[in-house]
Amino acid sequence: MTTAAPDRTVRLRELSPAMRGTRPDEVVIAVSPAFAGHFTKMIVDVPHAEVLRQLMAGIEEQGVASRLVRVRETADLAAIAHLGAKLSGSGIAVGVLSRGTTMIHQKDLARLSNLELFPQSPLLDPAVFRMIGSNAAQYAKGESPQPVPTRNDQMARPRWQAKAALLHLKEFECIETGRSPVEEPADFEPAPVG
């Protein structure tokens, strides 16, 4: 298991409206309204900075570029991931909610279909996010990777359900209805000391 780097934070800065990419070797990472803003960690305290670092590393290790987009008008993972895929030059995107639930999507699939879904966010760690990035990049290259192996815990849902519901409600409070997706590059910074 890869441990989170406690010495880094991430700041997403709004650059421009997100447009359809033209690079066929690109994977969009589409994040939810409160990701790395209102919230800075997943449901199990993995920092969003580490989630992004690992996704980007997995993508880049496959020789593919990543682009970060914030979807502001919904907190629905399928909608976020599908919109990201439509904006991606390769047609592939990774959608991520603040609590960590993640999906790899492809633009020509139905919104509620996907390539890979990772619904048990309490069981996701940095190593899994790196593999998710790698698989997304392989899909972007037209390959058919083996699905990312993940742990399964039948008790994860009942154990984390109340906290997940609260995080979901807070995420919905951050929705900006009618606001288009924006490109937001990640600035990784040292964590404040003290």
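Computed from a predicted structure; not experimentally measured. (Residues numbered from 1 in each chain as written. Predicted model: local features only at pLDDT ≥ 70, side-chain atom pairs only at ≥ 80, totals over all residues. Heavy atoms only, no water.)

**Brief notes about the overall build of the chain**
So, point 1. Broken down by element type, the chain carries four helices and nine strands.
So, point 2. Secondary structure elements in the chain, listed N-terminal to C-terminal, are β-β-β-α-β-α-β-β-β-α-α-β-β.
So, point 3. Here the chain has a C-alpha radius of gyration of 15 Å; the compact-globule value for 194 residues is 16 Å, and the two agree.
So, point 4. Principal-axis analysis of the C-alpha atoms gives the chain an extent of 40 × 35 × 35 Å.
So, point 5. Expressed as a percentage of the 194 residues in the chain, the buried residues total 52%.
So, point 6. Contacts spanning at least 24 positions in sequence make up 76% of the contacts within the chain whose residues lie at least 6 apart.
So, point 7. For the chain, the computed accessible surface area is about 9,300 Å², with 53% contributed by carbon and sulfur atoms.
So, point 8. Here the chain carries 22 positive and 22 negative side-chain charges, and the mean point of each set is 2 Å from the other. (Helix = DSSP H or I, 4+ residues; strand = E, 2+ residues; numbered from the N terminus. Rg over C-alpha atoms; globule rule 2.2 N^0.38 Å. Buried < 20%, exposed > 50% of the residue type's maximum accessible area, 1.4 Å probe, protein only. Contact = heavy atoms within 4.5 Å. Areas by Shrake-Rupley, 256 points an atom, 1.4 Å probe, with all protein chains shown as cover. Lys, Arg positive; Asp, Glu negative; His and termini not counted. Charge placed at Lys NZ, Arg CZ, Asp CG, Glu CD.)

**Quick look at the layout of surface pockets**
So, point 1. Estimated volume of the largest pocket: approximately 460 Å³.
So, point 2. Lining the largest pocket are 22 residues, and of these Arg99, Thr101, Pro119, Arg157 and Ala164 sit closest to its centre.
So, point 3. For the lining of the largest pocket, the secondary-structure elements that each account for two or more residues are helix H2 (77-87) and helix H4 (156-173).
So, point 4. Here the lining of the largest pocket takes seven residues from H4, the largest share from any one element. (1 Å grid on protein atoms, 1.4 Å probe; cavity = no way out; pocket = protein on both sides within 12 Å on 5 of 7 lines; lining within 4 Å. Points joined across faces, edges and corners; volume = space filled by probe spheres on them.)

**Thoughts on the sheet that holds strand E3 (residues 26-31)**
So, point 1. One open sheet accounts for seven strands, arranged E2-E8-E4-E3-E5-E6-E7; its pairing is mixed. Edge strands, defined here as strands with exactly one partner in the open sheet, are strand E2 (16-17) and strand E7 (116-118).
So, point 2. Judged from the three bridges that link them, strand E6 (residues 102-106) and E7 form a sheet pairing that is antiparallel. Within the sheet, the bridge partner assigned to Met103 lies in E7 and is Leu117.
So, point 3. Running over the sheet, helix H1 (residues 48-60) touches E3, strand E4 (65-70) and strand E5 (92-96) and is turned about 165° from E3.
So, point 4. Lying over the sheet, H2 contacts E3, E4, E5, E6 and E7, oriented at roughly 40° with respect to E6. (Pairing = 2+ DSSP bridges. Axes fitted to C-alpha atoms, helices over the stretch in contact; angles between N-to-C directions.)

**Regarding the environment of Ile132**
So, point 1. Inspection of the secondary structure puts Ile132 in helix H3 (residues 126-140).
So, point 2. With residues up to four places along the chain from it excluded, the contact list for Ile132 reads Leu55, Val94, Thr102, Ile104, Phe118 and Val148.

**A closer look at unusual backbone geometry**
So, point 1. Phi at Ala36 is positive, roughly 55°, even though this residue is not glycine.
So, point 2. Mapped onto the secondary structure, Ala36 falls in the loop between E3 and H1.
So, point 3. Located in the positive-phi region is Asp45, a residue other than glycine, with phi close to 70°.
So, point 4. Here Asp45 shows up in the loop between E3 and H1.

**Quick word on H4**
So, point 1. Compared with the 26 Å implied by 1.5 Å per residue over 18 residues, the 25 Å span of H4 between its first and last C-alpha is a close match.
So, point 2. A bend of about 45° at Ala162 is the largest found in H4.
So, point 3. Three or more residues of H4 are buried, namely Ala156, Ala164, Leu167 and Glu171. (Expected span 1.5 Å × (residues − 1). Bend = angle between axes of the 7 residues up to and from the residue.)

**A closer look at the pairing of E5**
So, point 1. For E5, the tally of buried residues reaches five of five residues, placing the bulk of the element in the interior.
So, point 2. The alternating pattern of E5 places Ile92, Val94 and Val96 and Ala93 and Gly95 on opposite faces, both of which are buried.
So, point 3. Pairing of E3 with E5, which is carried by five bridges, proceeds in the parallel orientation. Considered in E5, the bridge of Ile29 is made with Val94.
So, point 4. Note that E5 and E6 share five bridges and pair antiparallel. Paired with Ile92 across the two strands is Gln106, which belongs to E6.

Purely spatial values, then, with no claim about function.
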